[in-house]
Amino acid sequence: MTSTSPTARALAALGHDARLAIFRLLVKAGEDGLRVGDIGDHLGMAPSTLAHHLSTLVEAGLVRQDKQGREVFNRVDFPAMRQVLTFLTSECCSGVAMRRAEDAA
């Protein structure tokens, strides 16, 4: 069995248009987050589809769900998001040294 890094899981979860839209909406909402129904209203998503995509984002560690009474609030895990961004940008513009290919003959 192979293991997948948290960064790869996060990027894979964001690799679907619906999940990317959900994540971007939650980023806009900030620390207050949004209720499941509010996300569905904003994005016009069916509850079962939304639940599926939210569970993928939760499993990837990008979204936290907190139950308050009968309502479930969804919030971006901002430290996890920053970790992914740091991974993607940590070596920005540092240059790449090209290796010379050895002659096969």
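What you see is a predicted model; the values in this text were computed from it and never measured.

Visitor: Tell me what's going on with the environment of Asn74, and back it up with residues and numbers.
Guide: Within the secondary structure layout, Asn74 lies in strand S3 (residues 71-76). Looking at Asn74, the relative accessible area reads 0%, which means it is buried. The spacing of Asn74 and Ser48 is 26 residues in sequence and 16 Å in space, taken between C-alpha atoms. There is a polar contact of 2.8 Å between the side chain of Asn74 and the side chain of Gln65.

Visitor: I'd like to hear about a nonpolar patch on the surface, residue by residue, with values.
Guide: Taken together, the side chains of Leu11, Leu85, Phe87 and Leu88 make up a nonpolar region of the molecular surface, amounting to roughly 390 Å² of accessible area. No other element matches helix H5 (residues 78-89), which puts three residues into the nonpolar patch. Residue placement: Leu88 occurs in helix H5.

Visitor: Tell me about H5, residues and numbers included.
Guide: The terminal C-alpha atoms of H5, which comprises twelve residues, lie 16 Å apart, in line with the 16 Å expected from a rise of 1.5 Å per residue. What H5 keeps buried is the set Phe78, Ala80, Met81 and Val84. Projected down its long axis, H5 carries its buried residues within an arc of 165°, all on one side. In H5, the exposed residues that point more than 90 degrees away from the buried face are Pro79, Gln83 and Phe87. The inward-facing, buried residues of H5 contact helix H1 (6-13), helix H2 (17-29) and S3.

Visitor: How would you explain the nonpolar core if you had to name every residue and give the values?
Guide: By size, the foremost hydrophobic cluster in this structure holds 21 residues, and its most contacted members are Ile22, Phe23, Leu26, Ile39, Leu57 and Leu62. Of all the elements in the fold, those that place two or more residues in this core are H1, H2, helix H4 (47-59) and H5. Among the elements that make up this core, the one with the highest residue count is H2 (five residues). Once residues lying within four places of it in the same chain are set aside, the contact partners of Leu26 are Leu34, Ile39, Leu54, Val63, Asn74 and Val76.

Visitor: Run through the environment of Val36, naming residues and quoting values.
Guide: By the element assignment, Val36 lies in helix H3 (residues 36-43). With residues near it in sequence (within four places) discarded, Val36 still touches Leu50, Leu54, Val72 and Asn74.

The rules behind these values
- Residues numbered from 1 in each chain as written.
- Predicted model: local features only at pLDDT ≥ 70, side-chain atom pairs only at ≥ 80, totals over all residues.
- Heavy atoms only, no water.
- Helix = DSSP H or I, 4+ residues; strand = E, 2+ residues; numbered from the N terminus.
- Buried < 20%, exposed > 50% of the residue type's maximum accessible area, 1.4 Å probe, protein only.
- Polar contact = N/O pair within 3.5 Å; in protein donor to acceptor, adjacent residues only side chain to side chain.
- Patch = residues over 30% accessible without salt bridge, like charges linked within 9 Å, V, L, I, M, F, W, Y side chains within 5 Å.
- Areas by Shrake-Rupley, 256 points an atom, 1.4 Å probe, with all protein chains shown as cover.
- Salt bridge = Lys/Arg side-chain N within 4 Å of Asp/Glu carboxyl O.
- Expected span 1.5 Å × (residues − 1).
- Arc of directions from axis to C-beta.
- Contact = heavy atoms within 4.5 Å.
- Core = buried A, V, L, I, M, F, W, Y, C linked by side-chain atoms within 4.5 Å.

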